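Below are the chains, spelled out letter by letter.
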Amino acid sequence: MSSHGESFPFHIFFFLIPPATLPVFLLLLLLLLLFMAALFSPRGIAWSLDRRCSFIPGAGGLASVLALSGFSAHRALADLSHSLSARHLMAFSIGLTRFIVSSHPETAKQILNSSDFADRPIKESARELLFHRAIGFAPYGDYWRSLRRISATRLFCPRPIASFGDFRLEIAEQMAEQVTVLMGKHGQVELKKIFHFGSLNNVLKCVFGKSFDFWKGEGMELERMVREGYELLGILNWSDHLPLLKWLDLQGVRKRSRVLVEEVNVFVRGIIEEHRMRRRICRVSGDFVDVLLDLEDEEKLSDSDMVAVLWEMIFRGTDTVSILLEWIMARMILHPEIQSKAQTEMDAYVGKSRFVCDADIPNLRYLQSIVKETLRMHPPGPLLSWARLAIHDVHVGDHFIPAGTTAMVNMWAITHDGAIWADPDEFKPERFMTDDVNIMGSDLRLAPFGSGRRLCPGKSMGLAAVHLWLARLLQSFEWVPSARGVDLSERLKMSLEMENPLVCCAVSRNS
Ligand code: HEM
């Protein structure tokens, strides 16, 4: 105890420690101090290491680790930025990585639309899974620009999307059949698997020109591979933020990624070879593999780059679409009056003598509003899943942001902000019948596909499938809850999923 203002004689401790263990002791002490600094310093340790930064309200290391490691990171970060009055910009650290997050449309727009944030931070899992050679994680530069141009003109523009209309209809038919079969067998239906297979087949047909049987052999295998990829990319991997842990692979992410990438290589290279063999006999250009094989000169891709690009398309096009459909159906069951209003609209514009098709969708405004309202309440990428990276030192508002900072937009916080949306927690598609908000990236009040240079290129393809399949399911069946009811609990992994898969009952509207 100190007395008469004298300080505690700490040096005595050092005499008590055997000299041989002193270096180890000092190292442990240093690590402990660093750990405490990481946990309790405002904005965390990564920000403390850079003295040039102007003050940004920030969450301490412990608070941000807790926020990001749970399954509700979007909610935890929204609460933190609210409590710190930091909607425009909040800073925090995970290990040695600096983060900023914006929960305000204006600042979000500034970040997403700036070329200074046109790069993405690349996680170890993404690199191991080849994504650094595909559109989503390729560094901002010529290679990325060339991939975006090719896919924008040959896959994601209106003509190819329209040309796959018949196939979307076929999938809608298969989904309706599956619902009838499962209702007959079990008296209830779990929609998640049906949607996952439907969206997987949809993207496979556009990209590879082939599809698979529901629930069988290769199709099941591919479905498992996509799920494993999502698991791996969704993990908060400490090796990404603490360089010392890089070699240890404590969470086994590297090991699992390497196993998966082998399987992906075998599968996708097999399909590329099938195409090469067919083209030797007859040179018809049909799907996206043909488009890539037709590239010439400096645009030509190596086989491993082709695998990366094709695998990413399958991967990105599957989960987002099926997760969104599951949320929409949950809402339809919870709000029977909204479901019935959509069916009345459909009966009026399409009638009962034929099935709904792509050409009907522009007339189904209420159905489109249901999709928008679900994207508002349950955005599949609430933190715009694939964050951005500051390429240069840059200012956001008055704040200096050093190069290498990871930037996120909390789209969930924006779409649940009472200052922007009236009754933000209520499901009200009617709000979009009067206020026709553009959801394609120009209005940051609701930008579920992101915005700016790295805006989602697959948004029209995804929405074409969601609108058509939803319309068909509502046209053919009335949807009611099963004994389990509807549980809206969320789980944020790579995307924002329903924690408990939706199990419900479908009653035919034609009987
Ligand atoms: C409901 C469906 C979908 C949603 C909600 C969605 C959402 C997103 C979001 C939020 C981003 C990040 C945008 C940004 O950083 O500003 C993104 C990027 C991307 N999406 Fe989508 N997406 C959907 C469907 C699709 C589909 C069907 C495909 C392809 C088949 C696709 C391919 C991609 C690619 C390649 C990127 C990376 C773009 C880049 O970095 O340049 N997405 N998506």
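Because the structure is predicted, anything quoted here is derived from the model rather than measured. (Residues numbered from 1 in each chain as written. Predicted model: local features only at pLDDT ≥ 70, side-chain atom pairs only at ≥ 80, totals over all residues.)

**Quick look at the overall build of the chain**
Heads up, the condition is: Secondary structure is summarised from DSSP: a helix means a run of H or I of at least four residues, a strand means a run of E of at least two, and numbering begins at the N terminus for each. Here the globule rule is a power law, 2.2 Å times the number of residues to the power 0.38, and the radius of gyration is based on C-alpha atoms. Each residue is classified by how many other C-beta atoms fall within 10 Å of its C-beta atom, where C-beta atoms are placed from the backbone; a count of 20 or more means buried, 12 or fewer means exposed, and values in between mean partly exposed.
Scanning the chain for helices and strands turns up 20 helices and 11 strands. The C-alpha atoms of the chain give a radius of gyration of 26 Å, which matches the 24 Å a tight globule of 511 residues would have. The C-alpha extent of the chain, read off along each of the three principal axes, is 95 × 55 × 45 Å. Considering the chain as a whole, with its 511 residues, one finds that 42% of them fall into the buried category.

**Re the confidence of the model for the chain**
Applicable threshold: pLDDT expresses, on a scale from 0 to 100, how confident the predictor is about each individual residue. The contact criterion used here is simple: two residues whose C-beta atoms, placed from the backbone, lie within 7 Å are in contact.
Overall, the prediction assigns the chain a mean pLDDT of 89, with 91% of residues at 70 or greater. Below a pLDDT of 50 lies the segment residues 1-6, which in the model reaches two contacts outside its immediate sequence neighbourhood of four places, other chains included.

**Some remarks on the sheet that holds strand E3 (residues 189-190)**
Selection rule: A pair of strands counts as paired when DSSP detects no fewer than two bridges linking them.
Taking strand neighbours across the sheet as the criterion, the three strands line up as E3-E11-E8 in an open arrangement whose pairing is antiparallel. Only two strands of the sheet have a single neighbouring strand rather than two, namely E3 and strand E8 (477-481). In the sheet, E8 pairs with strand E11 (residues 503-508) via five bridges, with the strands oriented antiparallel. When the bridges of E11 are listed, Pro481 appears paired with Cys504.

**Focus on the site of the ligand**
Threshold: Only the C-beta atom matters for nearness: placed from the backbone, it must lie within 6 Å of the molecule or strand for the residue to count as near. Ten residue types, Ala, Val, Leu, Ile, Met, Phe, Trp, Tyr, Cys and Pro, are classed as nonpolar, four, Asp, Glu, Lys and Arg, as charged, and the remainder, Gly among them, as polar.
Surrounding the ligand, one finds 29 residues, the nearest of these being Gly317, Gly450, Cys456, Gly458 and Gly462. At the level of secondary structure, the elements contributing two or more residues to the shell around the ligand comprise helix H15 (303-334) and helix H20 (459-476). For the shell around the ligand, the leading source of residues is H15, giving seven residues. The residue inventory of the shell around the ligand, partitioned by class, reads 15 nonpolar, nine polar and five charged.

**Concerning the UniProt feature "binding site: heme" (unreviewed entry) in the chain**
Here is the rule: UniProt positions are given in the numbering used here, feature names are shortened, and annotations may be inferred rather than shown by experiment.
On the UniProt side, "binding site: heme" (unreviewed entry) is annotated at positions that read Cys456 here. Examined against the element boundaries, Cys456 turns out to sit in the loop between helix H19 (431-434) and H20. Classification of Cys456 as buried rests on a count of 22 C-beta atoms within 10 Å. If sequence neighbours within four positions are ignored, Cys456 has contacts with Phe449 and Gly450.

**As for the pairing of strand E1 (residues 90-94)**
The buried fraction of E1 is high, at five of five residues. Neither face of E1 is left uncovered, since the one carrying Met90, Phe92 and Ile94 and the one carrying Ala91 and Ser93 both have all their residues buried. Here E1 folds back onto strand E2 (residues 97-102) in antiparallel fashion, the turn holding two residues, of which Gly95 has a positive phi close to 55°.

**Observations regarding unusual backbone geometry**
The phi angle of most residues is negative, glycine excepted, and most peptide bonds adopt the trans form. Of note, the phi angle at Ser85 is positive, near 50°, even though the residue is not glycine. Here Ser85 shows up in the loop between helix H5 (73-83) and E1. Note on Ser85: 9 C-beta atoms within 10 Å, which makes it exposed. Positive phi, close to 80°, is recorded for Leu130, a residue that is not glycine. Relative to the helices and strands, Leu130 resides in the loop between helix H7 (124-128) and helix H8 (142-154).

**As for the nonpolar core**
Formally: As used here, a nonpolar core is made of buried Ala, Val, Leu, Ile, Met, Phe, Trp, Tyr and Cys residues. They are joined through C-beta atoms within 7 Å.
Ranked by size, the top nonpolar core spans 127 residues in total, and within it Met90, Val207, Leu310 and Leu470 carry the most contacts. Ranked by the residues each element gives to this core, the list is headed by H15, at 19 residues. When sequence neighbours within four positions are dropped, the list of residues in contact with Val207 reads Asp287, Phe288, Val289, Leu310, Met313 and Ile314.

**A short note on helix H12 (residues 217-234)**
As a reminder, the rule being used: How far a helix is expected to stretch is found by multiplying one less than its residue total by 1.5 Å. This arc describes the spread of directions from the helix axis toward the C-beta atoms.
The end-to-end C-alpha distance of H12, which contains 18 residues, comes to 26 Å, matching closely the 26 Å that a straight helix rising 1.5 Å per residue would cover. Residues of H12 that are buried: Leu222, Val226, Gly229, Leu232 and Leu233. Each buried residue of H12 lies within a common arc of 125° when the element is viewed along its axis, so the set occupies one face. Turned more than 90 degrees away from the buried face of H12 sit Gly217 and Arg224, all of them exposed. Contact partners of the buried residues in H12: H7, helix H11 (191-208), helix H13 (253-281) and H15.

**Comments concerning the sheet that holds E2**
Applicable threshold: Angles shown run from 0 to 180 degrees and are taken between the N-to-C directions of axes, each axis being a line fitted to C-alpha atoms and, for helices, limited to the stretch in contact.
Taking strand neighbours across the sheet as the criterion, the four strands line up as E1-E2-E7-E4 in an open arrangement whose pairing is mixed. Only two strands of the sheet have a single neighbouring strand rather than two, namely E1 and strand E4 (388-389). Pairing geometry for E4 and strand E7 (residues 406-409), over two bridges, is antiparallel. Residue Arg388 lies in a different strand from E7, and its bridge partner there is Ala407. Packed on one face of the sheet, helix H6 (residues 105-112) meets E2, E4 and E7 and runs near 135° to E7.

**Section: the packing of H15 against helix H17 (residues 365-377)**
Keep this limit in mind: Under this scheme an angle from 65 to 115 degrees is roughly perpendicular, one under 35 degrees roughly parallel, and one over 145 degrees roughly antiparallel; angles in between are oblique.
Contact geometry for H15 and H17: axes closest at 10 Å, N-to-C directions at 105°. Of the possible angle classes, the one that applies to H15 and H17 is roughly perpendicular. Taken together, the residues of H17 that come into contact with H15 (itself represented by Leu324, Trp327, Ile328 and Arg331) are Ile370, Val371, Thr374 and Leu375. Tallied by class, residues from the contact of H15 with H17 come to six nonpolar, one polar and one charged.

**Some details on the environment of Val466**
Here Val466 is to be found in helix H20. According to the C-beta neighbour criterion, Val466 is buried, with 23 such atoms within 10 Å. Separated by 117 residues in sequence, Val466 and Tyr349 place their C-alpha atoms 18 Å apart. With sequence-adjacent residues up to four places away left out, Val466 is seen in contact with Val321, Leu324, Leu325 and Val371.

**Here we look at H8**
For H8, built from 13 residues, the straight-helix expectation of 18 Å at 1.5 Å per residue is met to within 8% by its first-to-last C-alpha distance of 18 Å. Looking at H8, one finds that the buried residues are Trp144, Leu147 and Ser151. One side of H8 holds all its buried residues, which, seen down the axis, span an arc of 65°. Among the exposed residues of H8, those pointing more than 90 degrees away from its buried face are Asp142, Arg145, Arg149, Ala152 and Thr153.

**Re the environment of Phe92**
Within the secondary structure, Phe92 is located in strand E1. Using a count of 29 C-beta atoms within 10 Å as the deciding quantity, one classes Phe92 as buried. Residues Phe92 and Leu463, spaced 371 residues apart in sequence, show a C-alpha to C-alpha distance of 34 Å.

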